[in-house]
Amino acid sequence: MFQKILCVGLNCFDIIQICNSYPIEDSEQRSIEYRMQRGGNASNSSTVLSLLGSTCEFMGTLSKKTFWEFIQKDFEKYCIDISGCKIYYESQFPVSTIIINSQNGSRTIVHSNKDLPELDYEHFKNIDLTNYSWIHFEGRNVSEVSKMMLSVNDYKNVSELPITVSVELEKRKESLCLAALADIVFVGKEFSKNYNWDGMKTTLIEMRKHVKPSSTVISLWDKQGAMASSPEGIFSAPAYPPATVVDTLGAGDTFIGGFIHSMSRGKDLNESLHLACKIAGFKVGTYGYDELK
Ligand code: ADP
Ligand code: FRU
């Protein structure tokens, strides 16, 4: 049967300025280049999945008011199905203004969401779960996303078709409760820092208290690579730095896309961890995502 990977979360409009150096407050400089990109964690991971060859769908809220043409064409260009998205007509797209320092690839994000509502369970519940082999959730809008994850788990209990459920805990402290509802939990370093966990080992030890015994937890930590804890034990992969780091925007999203792609193709946890670090390492040496193809 034809089955897809579904990524549920934010889509926004990224305006990216690549600068010679990080600006000084109240100064003026010309950027080297600027570009506009479809952004948002789940949206970026779906781009990566699609570039790697997975069949992928994105679900979130979209607006027809601003940037619609750009966003819609871009989803189309990467063959990402958005037919299940909830469309608004009067709200504005969330926008991120991003400065990339070309000297070290750092990305500084200023994000704004004026009035586009988050995806709700009432909308999500209409999807046909038989279409999906994997559903990945961004850990946001916790009360609604937990209902979505619970409903997929209820379906898994009665269905013969397996669905892997993953969640990304990136920033928000309150998203910790979603970990108990996932088979695979990606934990970003900002999330760990919120809880004063000082590294990947501590993150894995602490996170095991919040997940199902059968689940896998993966801690991502930029130049240190990634570590995973599963019922089979602890695995780690180093970062694979490129010759020059130029653009770290979406490194974590790329890791997640690479990891899901690899596991979906039947590779094991250790291999997938290494592959995801290699793909994310390659990405930070290039601008955007297109060279992943
Ligand atoms: P986020 O984009 O969510 O802040 P990280 O910066 O922790 O995520 O990066 C996610 C993954 O990307 C890391 O686990 C690592 O594999 C890879 N990565 C990030 N930065 C670098 C880097 N400078 N060199 C090589 N790999 C990197
Ligand atoms: C990168 C990213 C950007 C977006 C921002 C939202 O991980 O998804 O594309 O602007 O984070 O927080």
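Fair warning: this is a prediction, and the values are worked out from it, not measured in the lab. (Residues numbered from 1 in each chain as written. Chains lettered and ligands numbered in written order. Predicted model: local features only at pLDDT ≥ 70, side-chain atom pairs only at ≥ 80, totals over all residues. Heavy atoms only, no water.)

Colleague: Please explain the site of ligand 2 as it appears in this structure.
Modeller: Of all residues adjacent to ligand 2, which total 13 residues, the nearest are D14, G40, N41, S96 and D253. The contact in question runs from an oxygen atom of ligand 2 to an N or O atom on the side chain of N41, over 2.6 Å. Burial of ligand 2 by the protein chains amounts to 93% of its free accessible area of 310 Å². Most atoms of ligand 2, that is more than half of them, are within 2 Å of grid points of the largest pocket. Counting only elements with at least two residues in the shell around ligand 2, the list comes to β2 (12–19), α1 (41–52) and β7 (95–101). (Near = heavy atom within 4 Å. Polar contact = N/O pair within 3.5 Å; in protein donor to acceptor, adjacent residues only side chain to side chain. Areas by Shrake-Rupley, 256 points an atom, 1.4 Å probe, with all protein chains shown as cover. 1 Å grid on protein atoms, 1.4 Å probe; cavity = no way out; pocket = protein on both sides within 12 Å on 5 of 7 lines; lining within 4 Å. Sits in = over half its atoms within 2 Å of the grid points. Helix = DSSP H or I, 4+ residues; strand = E, 2+ residues; numbered from the N terminus.)

Colleague: Honestly, the confidence of the model for the chain in this entry has me stumped. Any pointers?
Modeller: In regions of low pLDDT, the predicted coordinates are not meant to be interpreted in detail. Of the residues in the chain, 99% reach a pLDDT of 70 or more, and the chain-wide mean stands at 96. The ipTM value of the predicted complex is 0.99, and its pTM value is 0.97. (pLDDT = per-residue confidence, 0-100.)

Colleague: Help me understand the site of ligand 1, please; the structure alone is not making it clear to me.
Modeller: Around ligand 1, the structure places 18 residues, and the nearest of them are K189, D222, G225, G252 and A280. Within the backbone of D222, a nitrogen or oxygen atom sits 2.9 Å from an oxygen atom of ligand 1. One of the backbone nitrogen or oxygen atoms of G225 is found 2.9 Å away from an oxygen atom of ligand 1. Relative to its free-state accessible area of 550 Å², ligand 1 is covered by the protein chains to the extent of 93%. In this structure, ligand 1 is accommodated by the largest pocket. Secondary-structure elements contributing two or more residues to the shell around ligand 1 are β12 (216–221), α7 (251–264) and α8 (269–284).

Colleague: Hey, could you run me through the nonpolar core in this one?
Modeller: Within soluble globular proteins, side chains that are nonpolar tend to cluster in buried spots. Ranked by size, the top nonpolar core spans 38 residues in total, and within it F58, L62, F186, I218, F255, F259 and L273 carry the most contacts. Counting residues per element, this core draws most heavily on α8, which supplies six residues. Leave out the neighbours within four places in its chain, and L273 touches I218, A226, M227, A228, F235, S236, A237, F255 and F259. (Core = buried A, V, L, I, M, F, W, Y, C linked by side-chain atoms within 4.5 Å. Buried < 20%, exposed > 50% of the residue type's maximum accessible area, 1.4 Å probe, protein only. Contact = heavy atoms within 4.5 Å.)

Colleague: Is there a simple way to explain the layout of surface pockets in this structure?
Modeller: The calculated volume of the largest pocket comes to roughly 1200 Å³. Considering the residues around the largest pocket, the lining is formed by 44 residues, among which R107, K189, T248, A251 and G252 are closest to the centre. At the level of elements, β2, α1, β7, β8 (106–112), α5 (189–194), β12, α7 and α8 are the ones that each hand at least two residues to the lining of the largest pocket. Its residues assigned to classes, the lining of the largest pocket shows 17 nonpolar, 14 polar and 13 charged. Estimated volume of the second largest pocket: approximately 160 Å³. (Points joined across faces, edges and corners; volume = space filled by probe spheres on them. Nonpolar A, V, L, I, M, F, W, Y, C, P; charged D, E, K, R; others polar.)

Colleague: Sorry if this is basic, but what is going on with the pairing of β12 here?
Modeller: Regular strands show a simple pattern: their side chains alternate between the two faces of the sheet. In terms of burial, β12 is largely enclosed, as six of its six residues are buried. Alignment of strand β11 (residues 184–187) against β12, held across four bridges, turns out to be parallel. What sits directly across from I184, in β12, is T216. Taken together, the five bridges between β12 and strand β13 (residues 225–230) define a ladder with antiparallel strand orientation. (Pairing = 2+ DSSP bridges.)

Colleague: Before we go on, may I ask you to explain the sheet that holds strand β9 (residues 132–138) in this structure?
Modeller: Hydrogen bonding along the main chain pairs the strands of a sheet, whether they run parallel or antiparallel. The eight strands lie next to each other as β4-β1-β9-β10-β11-β12-β13-β14, forming an open sheet whose pairing is mixed. Single-partner strands in this sheet number two, and they are β4 (56–59) and β14 (233–237). In this sheet, neighbouring strand axes are inclined to one another by 15 degrees on average, regardless of whether the strands run parallel or antiparallel. Here α1 sits on the sheet and contacts β1 (4–8), β4, β9 and β10 (164–169); the angle it forms with β1, its principal contact strand, is near 155 degrees. In this fold α8 packs onto β12, β13 and β14, with an angle of close to 25 degrees to the strand it touches most, β14. (Axes fitted to C-alpha atoms, helices over the stretch in contact; angles between N-to-C directions.)

Colleague: Is there a simple way to think about empty space enclosed by the protein in this case?
Modeller: It is a probe the size of a water molecule, rolled over the atoms, that shows where empty space is left. Taken as a whole and judged by the stated rule, the model has one cavity of 30 Å³ or more. The volume enclosed by the largest cavity comes to roughly 120 Å³. Forming the walls of the largest cavity are 16 residues, and the residues nearest its centre are G9, L10, E118, L119 and R140. Split into classes, the residues belonging to the lining of the largest cavity amount to eight nonpolar, five polar and three charged.

Colleague: How should the pattern of salt bridges be read in this particular structure?
Modeller: Pairing between side chains of opposite charge can happen when their charged atoms approach one another. Taken as a whole and assessed by the stated rule, the structure comprises 17 salt bridges. The salt bridge partner of D74 is R38, with a shortest N-O separation of 2.8 Å. On the criterion of sequence distance, the pair formed by D74 in helix α2 (residues 68–77) and R38 in strand β3 (residues 33–39) is long-range, its members being 36 residues apart. Residue D74 is classed as buried on the basis of its relative accessible area of 13%. Several salt bridges converge on common partners, so that one network encompasses K4, E57 and D81. (Salt bridge = Lys/Arg side-chain N within 4 Å of Asp/Glu carboxyl O.)

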